[in-house]
Number of protein chains: 2
Amino acid sequence: PHKKAPKVSMQLLWLSLLPCLYLASLCSAEQGLEFPSFDGKDRVLHINERNYKKALKMFDMLCLLYHEPQPAHKGRQKQLQMTELVLELTAQVLEDKDIGFGMVDSQKDAKVAKKLGLEEEGSLYVFKDDRVIEFDGELSADTLVEFLLDVLEDPVELISNPMELRAFERMEEDIRLIGYFKGEDSYYKAFQEASERFQPYIKFFATFDKTAKHLSLKMNEVNFYEPFMEEPAILPGRQLSEMEIVEFVHQHKRATLRKLRAEDMFETWEDDLDGIHIVAFAEEEDPDGYEFLEILKDVARDNTNNPELSIVWIDPDDFPLLTTYWEKTFKVNLFKPQIGVVNVTDADSVWLDMSNDEDLPTAEELEDWIEDVLSGKVNTEDDDDVKDDSDYDGVDSEGRHHSDDHDDHGDYDDHDDSD
Amino acid sequence: PHKKAPKVSMQLLWLSLLPCLYLASLCSAEQGLEFPSFDGKDRVLHINERNYKKALKMFDMLCLLYHEPQPAHKGRQKQLQMTELVLELTAQVLEDKDIGFGMVDSQKDAKVAKKLGLEEEGSLYVFKDDRVIEFDGELSADTLVEFLLDVLEDPVELISNPMELRAFERMEEDIRLIGYFKGEDSYYKAFQEASERFQPYIKFFATFDKTAKHLSLKMNEVNFYEPFMEEPAILPGRQLSEMEIVEFVHQHKRATLRKLRAEDMFETWEDDLDGIHIVAFAEEEDPDGYEFLEILKDVARDNTNNPELSIVWIDPDDFPLLTTYWEKTFKVNLFKPQIGVVNVTDADSVWLDMSNDEDLPTAEELEDWIEDVLSGKVNTEDDDDVKDDSDYDGVDSEGRHHSDDHDDHGDYDDHDDSD
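All figures in this text were calculated on a predicted structure; none of them were measured in a lab. (Residues numbered from 1 in each chain as written. Chains lettered and ligands numbered in written order. Predicted model: local features only at pLDDT ≥ 70, side-chain atom pairs only at ≥ 80, totals over all residues. Heavy atoms only, no water.)

### Re the overall build of chain A
Move 1: Within chain A one finds 15 helices and 15 strands.
Move 2: Within chain A, the fraction of its 419 residues that count as buried is 54%.
Move 3: Long-range pairs, those at least 24 residues apart, make up 71% of the contacts in chain A between residues at least 6 apart in sequence.
Move 4: Total accessible area on chain A stands at roughly 20700 Å², and carbon and sulfur atoms take up 48% of it. (Helix = DSSP H or I, 4+ residues; strand = E, 2+ residues; numbered from the N terminus. Buried < 20%, exposed > 50% of the residue type's maximum accessible area, 1.4 Å probe, protein only. Contact = heavy atoms within 4.5 Å. Areas by Shrake-Rupley, 256 points an atom, 1.4 Å probe, with all protein chains shown as cover.)

In structure tokens form, the structure reads like this:
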């Protein structure tokens, strides 16, 4: 249903300029800030057994959206079309970067999908050199373009002066590694190879000079900084290999306090602990939110060795389109900081009462509450007005457990069939 | 052509759940992160002489998009439809906040537009209580929702402890004011009234307690912080009135170094100095970018009293959809920091050569270059090989003056009418 690109003639050239002129006039009479709008040219390929190898060869990078089969329902069809439009606009914006884009239907193209190792419907897979990077974030053109531009950058950034070191130290929200090397030797190469496996989600830095001393790094040593932690985990420099670094990262990857980011939000959300997330909402730009966040960081630092604890911090400013949805779903006021437990299967939740306007909880009070969550004393079930399944045992008239569709957690998992 | 909302029956309830389930399955099998998609329900009003008064009364806040007349060209029509869709989605997301949305056609509804004081096509005007706030930023649902949520907050934030003060001190990118008052007396009221005129673009804070001492604020004194400056401008507390504060803000408003923000990007861009902007691109998250930015801040601090100087800092991370457009238009590589002069009338530009990979310019070198720009020694015209449009004068078939829409600098300033 897409228009073909017109052959260029002078007349058409003028016509094709019009949309730009329009945008300029919609926004301002001045030049320099023209947002792109889809030009109608088809750039996204429909990948199948015949063309996938060629596509892989043709581009520096190939991005494939693995999607559910064409749905019968109109609303869902529209959704899929919108997603394709997002890909088209992304392809247009990145036209000069030698990136290919394609769609793979999980049913019609099941064979290709299997060959390429595509598994999660709704994910985008990026093929670059010999590796595959999964994107499981917000499917908007903004987020996707930023993500792909990040993938195009060098996976290791060099730090070569105190100012750059300060930049490194300020990135407390991110998981980041830094290594100290003599130069581009085999240890550095191992570090670089490892970095490619985590790009762009985990940031890798290296230094070749005395900057390392400020970090008290020894030669060939690698430090891993968990978000918001002051002290790094240390991987000593003896026999540093790619696999050792990769293993080290996996071991420390799940942070005690992690910020929800558009580029991997669904992946983070899927990484729940026993079906729940402890979620904290706080606007960093807001004095109240900032204060609450500082308390949270204290709690996280005190409990960084507890593998049972991983708090998801959401800054509502980063997700304007979800703010009112969260307010409705969780029945909380997001103009203020909040912390609660969310059941990821049904989005049922319980929130810490912080209605006393003047005082936020202290770090100790927060820790007590978190302990109650981890022990199950505070949970999302107690306040439910419908009873637990166990109460219904044998009573349910048909002997099946469907009477409480909105309540029965375990059940969803069984029906979960994303095709 | 929009569907009406179906009456609820059990069957339809299931059907209406499908889109949500779909979104959930496109993204993940878990609940809690469902992005909204337009539900097809018409919420945006077409405002005319008959309904505008009622609309103003009906809502706490009314947002009107003042747009060009329905264009004949298809591409431009589509653009206008997309803009309307952005408004529809925004209206849907903010459904529970008692905000009305409408469109005003600059031709068909010229009379209403005049009565309401709408002047700039493409701007959104927000009517709240007795004031009008113009939104001249990126017309995306994200930006618009965030902007409107900001407008709903209190215009003055209270600072009541050292942690909140730290939050205030960290907001170096924003123009912000802070006042010290005894309590909610007439001076505070004047401050509050003034704040409403600048909300949400300029942030107002107040403190009623000894937090003020850390800022060495005297009673009823107001301090104005220009972005990135350490020392505030001081408005003494004698006879503090709303108009005095407003006047004071206008006097200091244009910063020596200002960050381009989605919510007022076009307004910032229109506020050029003699038809040009000095533009610096730097990714704050990047060590190189951070370092360059620190140098820029030094230069800005040294030159804060020069009214001729206002550098626009753009962090490419904030505008992924514009990054490649800028790279093409300005012929620069935005993976690295850049600084240049841009002619806003034709987007012609000249960039400082920083190709020496190792060293960024020092503050002194940057200052020398900026001096050359301000004196006209470095300018965008010297390297032009194509001539002016003035060549086309008289050729335009209808004898109207559209041929030089894109070229004539001085002209724009005359039309400049910021009210």
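We are not done yet, so read on.
### Some words on helix α6 (residues 162-170) of chain A
Move 1: When α6 of chain A is considered as a whole, its buried residues turn out to be E164, L165, A167 and F168 of chain A. Around the axis of α6 of chain A, the buried residues are gathered within 155° of arc, so they sit on the same side.
Move 2: Considering only its buried residues, α6 of chain A is in contact with β6 (156-158), β7 (176-180), β8 (203-207), α8 (211-214) and β9 (222-225) of chain A together with α11 (287-302) of chain B.
Move 3: Of the residues that open α6 of chain A, the one with a side-chain oxygen 3.1 Å from the backbone nitrogen of M163 of chain A is N161 of chain A. (Arc of directions from axis to C-beta. Polar contact = N/O pair within 3.5 Å; in protein donor to acceptor, adjacent residues only side chain to side chain.)

### Digging into the domain arrangement of chain A
All names here are of chain A.
Move 1: Here the domain parsing of chain A yields domain 1 (45-152), domain 2 (157-253) and domain 3 (258-375).
Move 2: Here the C-alpha centroids of domain 1 and domain 2 sit 31 Å apart.
Move 3: The partner domain 2 presents four residues to the nine residues of domain 1 that form the contact.
Move 4: Together domain 1 and domain 2 conceal approximately 510 Å² of surface at their shared face, both sides included; 45% is due to carbon and sulfur atoms.
Move 5: Considering only the surface of domain 1 that becomes buried against domain 2, R131, F147 and D150 emerge as the three largest contributors, covering 62% of it.
Move 6: In this structure, E196 and R131 form a salt bridge, with 4.0 Å as the shortest nitrogen-oxygen distance.
Move 7: Every element with two or more residues in the side of domain 1 that touches domain 2 is listed here: β5 (131-135) and α5 (141-152).
Move 8: At four residues, the largest contribution of residues to the side of domain 1 that touches domain 2 is made by β5.
Move 9: Of the residues belonging to the side of domain 1 that touches domain 2, the class tally is four nonpolar, no polar and five charged. (Domains from an automatic or database assignment. Buried area = accessible area lost by both parts, 1.4 Å probe. Salt bridge = Lys/Arg side-chain N within 4 Å of Asp/Glu carboxyl O. Nonpolar A, V, L, I, M, F, W, Y, C, P; charged D, E, K, R; others polar.)

### Quick word on the interface of chain B and chain A
Move 1: In this assembly, 88 residues from chain B lie in contact with 89 residues from chain A.
Move 2: Roughly 8300 Å² is buried in total at the junction of chain B and chain A, and carbon and sulfur atoms are behind 59% of that figure.
Move 3: Counting the contacts that link chain B with chain A gives ten salt bridges.
Move 4: One salt bridge in this structure joins R166 of chain B and E294 of chain A, with 3.7 Å as the shortest N-O distance.
Move 5: Put simply, chain B and chain A have 24 residue pairs in polar contact (both at pLDDT 80 or more) between them.
Move 6: Going through the elements one at a time, α1 (10-27), α3 (74-93), α5 (141-152), α6 (162-170), β8 (203-207), α10 (265-270), α11 and α12 (320-330) of chain B are the ones with two or more residues in the side of chain B that touches chain A.
Move 7: A per-element tally of the side of chain B that touches chain A places α12 of chain B first, with ten residues.
Move 8: Considered class by class, the residues forming the side of chain B that touches chain A number 42 nonpolar, 14 polar and 32 charged.

### Quick look at the packing of helix α11 (residues 287-302) of chain A against helix α13 (residues 363-374) of chain A
Residue and element names in this part refer to chain A.
Move 1: Close contact between α11 and α13 brings their axes to 9 Å; oriented N to C, the two are set at 60°. Considering the angle they form, α11 stands oblique to α13. Handedness of the α11/α13 crossing: right-handed. Across the interface between the two elements, F292, I295, L296, D298, V299 and D302 from α11 touch A363, L366, E367 and I370 from α13.
Move 2: Classifying every residue of the contact of α11 with α13 by side-chain character gives seven nonpolar, no polar and three charged. (Axes fitted to C-alpha atoms, helices over the stretch in contact; angles between N-to-C directions. Parallel < 35°, antiparallel > 145°, perpendicular 65-115°, else oblique. Left-handed = near helix turned anticlockwise from the far one by under 90°.)

### A few points about the sheet that holds strand β4 (residues 124-128) of chain A
By way of backbone hydrogen bonds, the strands of a sheet pair with one another, either parallel or antiparallel.
All names here are of chain A.
Move 1: The mixed open sheet is built from five strands, whose spatial order is β1-β3-β2-β4-β5. Every other strand in the sheet has two partners, leaving β1 (45-46) and β5 as the edge strands with one partner each.
Move 2: Summarising the sheet, strand β2 (residues 61-67) and β4 pair through five bridges and their orientation is antiparallel. Within the sheet, the bridge partner assigned to L62 lies in β4 and is F127.
Move 3: Lying on the sheet, helix α3 (residues 74-93) is in contact with β1, β2, β3 (99-105) and β4; it crosses β3 at an angle near 165°.
Move 4: Of the strands in this sheet, β2, β3, β4 and β5 are in contact with α5, which crosses β5 at around 155°. (Pairing = 2+ DSSP bridges.)

### Quick word on empty space enclosed by the protein
The method is simple in principle: a probe with the dimensions of a water molecule rolls over the atoms, and the space it marks as empty is what remains.
Move 1: Considering all chains together, one arrives at seven cavities of 30 Å³ or more under this definition.
Move 2: The wall of the largest cavity is formed by 13 residues, among which E283, P316, D317 and T323 of chain A together with L149 of chain B lie closest to the centre.
Move 3: Elements supplying a minimum of two residues to the lining of the largest cavity: α12 (320-330) of chain A together with α5 of chain B.
Move 4: Here the residues of the lining of the largest cavity sort into five nonpolar, one polar and seven charged.
Move 5: Forming the walls of the second largest cavity are E146, L149, D150 and E153 of chain A together with E283, P316, D317, P320, T323, L334 and F335 of chain B.
Move 6: For the lining of the second largest cavity, the secondary structure elements donating two or more residues are α5 of chain A together with α12 of chain B.
Move 7: Counting residues per element, the lining of the second largest cavity draws most heavily on α5 of chain A, which supplies three residues.
Move 8: The residue inventory of the lining of the second largest cavity, partitioned by class, reads five nonpolar, one polar and five charged. (1 Å grid on protein atoms, 1.4 Å probe; cavity = no way out; pocket = protein on both sides within 12 Å on 5 of 7 lines; lining within 4 Å. Points joined across faces, edges and corners; volume = space filled by probe spheres on them.)

### Considering the relation of the copies chain B and chain A
Move 1: Superposition record for chain B on chain A: RMSD 0.1 Å, screw rotation 180°, translation along axis 0.0 Å. Taken together, the turn and the small shift mark the pair as related by a two-fold rotation axis. Among all residues of chain B, the one whose C-alpha sits closest to the rotation axis is D142 of chain B, at a distance of 5.2 Å. (Least-squares fit on C-alpha atoms with pLDDT ≥ 70 in both.)

### A few points about the packing of aromatic side chains
Move 1: Counted according to the given criterion, the structure contains 32 aromatic pairs over all chains.
Move 2: Between F319 of chain A and W326 of chain A, the ring centres sit 5.8 Å apart and the planes meet at 80°, which makes this aromatic pair edge-to-face.
Move 3: Residue F319 of chain A is classed as buried on the basis of its relative accessible area, which comes to 1%.
Move 4: For the ring pair F198 of chain B and F204 of chain B, a centre distance of 6.2 Å and an interplane angle of 15° mean the geometry is stacked. Across this residue pair, the class does not change: F198 of chain B and F204 of chain B are buried.
Move 5: Taken together, the ring pairs connect F181, Y188, F191, F198, F204 and F208 of chain A into an aromatic cluster.
Move 6: Geometry around F168 of chain A places R176 of chain A over its ring, the cationic atom sitting 4.9 Å from the centre. (Phe/Tyr/Trp six-rings, centres within 6.5 Å; stacked < 30°, edge-to-face > 60°. Lys NZ or Arg CZ within 6 Å of the ring centre and 35° of its normal.)

### Quick look at helix α7 (residues 186-198) of chain A
All names here are of chain A.
Move 1: Helix length check: α7, at 13 residues, gives a terminal C-alpha distance of 19 Å against a target of 18 Å (1.5 Å per residue), a fit within 8%.
Move 2: Here α7 has its buried residues at Y188, A190, F191, A194, S195 and F198. Viewed end-on, α7 has its buried residues packed into an arc of 155°, placing them on one side of the element.
Move 3: N-cap assignment for α7: the residue whose side-chain oxygen lies 3.2 Å from the backbone N of Y187 is D185. (Expected span 1.5 Å × (residues − 1).)

### Quick word on a negative patch on the surface
Move 1: On the surface, D302, D359, E364, E365, D368 and E371 of chain A cluster together into a negatively charged patch.
Move 2: For the negative patch, the leading source of residues is α13 of chain A, giving four residues. (Patch = residues over 30% accessible without salt bridge, like charges linked within 9 Å, V, L, I, M, F, W, Y side chains within 5 Å. Lys, Arg positive; Asp, Glu negative; His and termini not counted. Charge placed at Lys NZ, Arg CZ, Asp CG, Glu CD.)

### As for the sheet that holds strand β12 (residues 276-281) of chain A
Residue and element names in this part refer to chain A.
Move 1: If you walk across this open sheet you meet the five strands as β11-β13-β12-β14-β15, and the pairing is mixed. Pairing within the sheet leaves two strands with one partner each, and these edge strands are β11 (257-259) and β15 (349-351). Averaged over all pairs of adjacent strands, the angle between strand axes in this sheet comes to 30°, irrespective of strand direction.
Move 2: Judged from the three bridges that link them, β11 and strand β13 (residues 311-314) form a sheet pairing that is parallel. Bridge pairing links K259 to W313 in β13.

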